[in-house]
Amino acid sequence: MTIRLPDAQGRLRTYEPRTEPLAVTPGTPFTSRTVFSAAHVVADPYADVSPDAPAAVDWDATLAFRRHLWSHGLGVAEAMDTAQRGMGLDWAGAAELIRRSAAEAKAAGGRIACGAGTDQITGGTLAGIRAAYEEQLAVVEDAGAQVILMASRALAATATGPEDYLEVYGHLLRQCAEPVVLHWLGPMFDPALEGYWGATDLDAATDTFLEVIAAHPDKVDGVKVSLLDARRETDLRRRLPHGVRCYTGDDFHYPELIAGDDQGFSHALLGVFDPLGPLAAQAVRVLDTGDVTGFRALLDPTVALSRHLFQPPTRFYKTGVVLLAWLAGHQSHFTMVGGLQSARSLPHLARAYELADGLGLFPDPGLAEERMKNLLSLYGVSR
């Protein structure tokens with residue numbers, strides 16, 4: 001069996017898919033690292049909605065995908081940017097997602113942490129931003145989930161300097177019932193977050209970030225860093241107070257950051273672990289035995305796929321994530337909330353299929369091939 005795939009120059013070439021998937025089995029949670037997969041949402045393909053309308057979600061398929069992740073021992077990071085938060089999923093939809101997923105986690109015995117931000121507002125005063133955060137914190141805590149305190153577009157637009165971040169985050173951390181994960185999402189993931197922590201200079205921003213943590217170390221479980229800069233993350237990790245974890249959100253350098261060095265390691269909260277879930281889980285179980293070489297042997301080959309999915313404009317990586325979920329049989333269609341299935345080119349999607357197939361990520365390679373051929377035919381590529 002072969003399939004014709006377009007390359008970046010628009011030429012068709014023949015690719016021979018693999019016939020057997022990678023052998024992976026579900027398993028228990030990990031012992032050496034805490035690992036979350038940020039999970040996507042499945043759109044309702046039959047909903048009569050426009051791209052700028054509130055999201056129509058297929059709740060059964062969305063929750064089934066979370067059970068898939070939990071079955072492999074992964075935690076779920078819910079209502080994050082991978083779920084198209086702020087790119088198709090509004091706060092009302094996110095709140096419903098949090099409530100439903102947290103209830104499902106309780107029933108399944110799975111670990112869950114949920115994003116609390118300010119996306120019900122677009123700007124305003126610092127008092128208004130604090131109130132928006134508090135509303136979302138209440139939803140997450142009432143659902144029984146751990147809080148991920150997300151970066152705020154409204155705060156980035158309103159703050160006049162580092163002192164505003166110190167005031168807002170200090171106010172929020174003092175009232176959180178349990179330790180939270182602080183979320184630092186770089187502008188490559190969301191351009192509206194440029195200059196977060198009160199400075200475009202990342203060294204100055206890091207100092208403010210660490211000042212927030214140092215003032216409330218008992219309220220910070222860890223930090224989620226998505227700057228795509230391994231050296232900067234390692235330096236930050238070494239400066240964290242004792243007991244505060246670093247969760248890598250670096251979808252370019254995650255194998256080396258999770259493996260760590262003689263001075264420490266990163267845990268993980270990654271969007272790429274949505275499509276990589278079973279393989280990533282297998283790799284971390286190898287790491288649990290102390291076999292760093294075996295861990296790297298499994299996870300290093302996945303970096304080419306991740307770098308492809310997260311190539312600029314990085315914020316559109318969700319399109320490739322949902323494509324792979326469809327090809328893997330986790331959902332019946334390639335439709336996204338907000339119409340975001342159109343955000344990547346056909347050559348980009350074809351390359352994502354090829355790289356994922358090469359890794360053995362598709363439980364049924366024949367199904368993935370047939371679905372990819374159907375997609376190609378919509379673009380005029382004959383069989």
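In short, a report on the structure. Everything numeric here is computed off the predicted structure, so don't read it as measured data.

1. Some details on the layout of surface pockets
Taken as a whole, the largest pocket encloses approximately 460 Å³ of empty space. Lining the largest pocket we find 30 residues, and of these Arg85, Gly86, Asp119, Arg153 and Asp190 sit closest to its centre. Those elements that place two or more of their residues in the lining of the largest pocket are helix 4 (153–158) and strand 7 (180–185). Residue composition of the lining of the largest pocket, by class: 13 nonpolar, eight polar and nine charged. Lining the second largest pocket are 20 residues; nearest its centre among them are Pro275, Pro278, His330, Leu361 and Pro363. Elements with a minimum of two residues in the lining of the second largest pocket: helix 1 (59–71), helix 9 (277–288) and helix 12 (317–327).

2. Considerations on empty space enclosed by the protein
In this structure the tally under the stated criterion is one cavity of 30 Å³ or more. The space that makes up the largest cavity amounts to roughly 70 Å³. As for the largest cavity, its lining consists of 15 residues, of which Asp81, Thr82, Lys224, Gly271 and Tyr317 are closest to the centre. Counting only elements with at least two residues in the lining of the largest cavity, the list comes to strand 8 (220–226) and strand 10 (267–270). A per-class count over the lining of the largest cavity returns eight nonpolar, four polar and three charged.

3. As for the sheet that holds strand 5 (residues 112–116)
As summarised here, the arrangement of the eight strands in space is 3-4-5-6-7-8-9-10, forming a closed barrel in which the pairing is parallel. Along the sheet, successive strands turn relative to each other by an average axial angle of 25 degrees, direction set aside. Relative to strand 7, helix 6 (residues 202–215) is tilted by about 170 degrees, and along the sheet it contacts strand 7 and strand 8.

4. Re the packing of aromatic side chains
Scanning the entire structure with this criterion turns up 16 aromatic pairs. Consider the rings of tyrosine 169 and tryptophan 197, whose centres lie 4.7 Å apart with planes at 40 degrees: the pair is tilted. A residue pair is termed long-range when its members are at least 10 positions apart, and tyrosine 169 in helix 5 (residues 162–175) and tryptophan 197 in the loop between strand 7 and helix 6 qualify at 28 residues. As far as burial versus exposure is concerned, tyrosine 169 and tryptophan 197 are alike and both buried. Each ring, one from tryptophan 197 and one from phenylalanine 209, has its centre 4.8 Å from the other, and the planes form 40 degrees; the classification is tilted. In this pair, tryptophan 197 is assigned in the loop between strand 7 and helix 6 and phenylalanine 209 in helix 6, connecting sequence segments twelve residues apart. You can call tryptophan 197 buried: its relative accessible area is 0%. Classification of phenylalanine 209 as buried rests on a relative accessible area of 0%. Between the NZ or CZ atom of arginine 33 and the centre of the ring of phenylalanine 265, over which it lies, the distance is 3.5 Å.

5. Some remarks on helix 2 (residues 91–108)
Over its 18 residues, helix 2 runs 25 Å from end to end, which matches the ideal 26 Å to within 8%, given 1.5 Å per residue. Buried residues of helix 2: Trp91, Gly93, Ala94, Ala95, Leu97, Ile98, Ser101, Ala102, Glu104 and Ala105, and no others. The positive-phi residue at the C-terminal boundary of helix 2 is glycine 109, with phi of around 70 degrees.

The rules behind the values
Residues numbered from 1 in each chain as written. Predicted model: local features only at pLDDT ≥ 70, side-chain atom pairs only at ≥ 80, totals over all residues. Heavy atoms only, no water. 1 Å grid on protein atoms, 1.4 Å probe; cavity = no way out; pocket = protein on both sides within 12 Å on 5 of 7 lines; lining within 4 Å. Points joined across faces, edges and corners; volume = space filled by probe spheres on them. Helix = DSSP H or I, 4+ residues; strand = E, 2+ residues; numbered from the N terminus. Nonpolar A, V, L, I, M, F, W, Y, C, P; charged D, E, K, R; others polar. Pairing = 2+ DSSP bridges. Axes fitted to C-alpha atoms, helices over the stretch in contact; angles between N-to-C directions. Contact = heavy atoms within 4.5 Å. Phe/Tyr/Trp six-rings, centres within 6.5 Å; stacked < 30°, edge-to-face > 60°. Buried < 20%, exposed > 50% of the residue type's maximum accessible area, 1.4 Å probe, protein only. Lys NZ or Arg CZ within 6 Å of the ring centre and 35° of its normal. Expected span 1.5 Å × (residues − 1).

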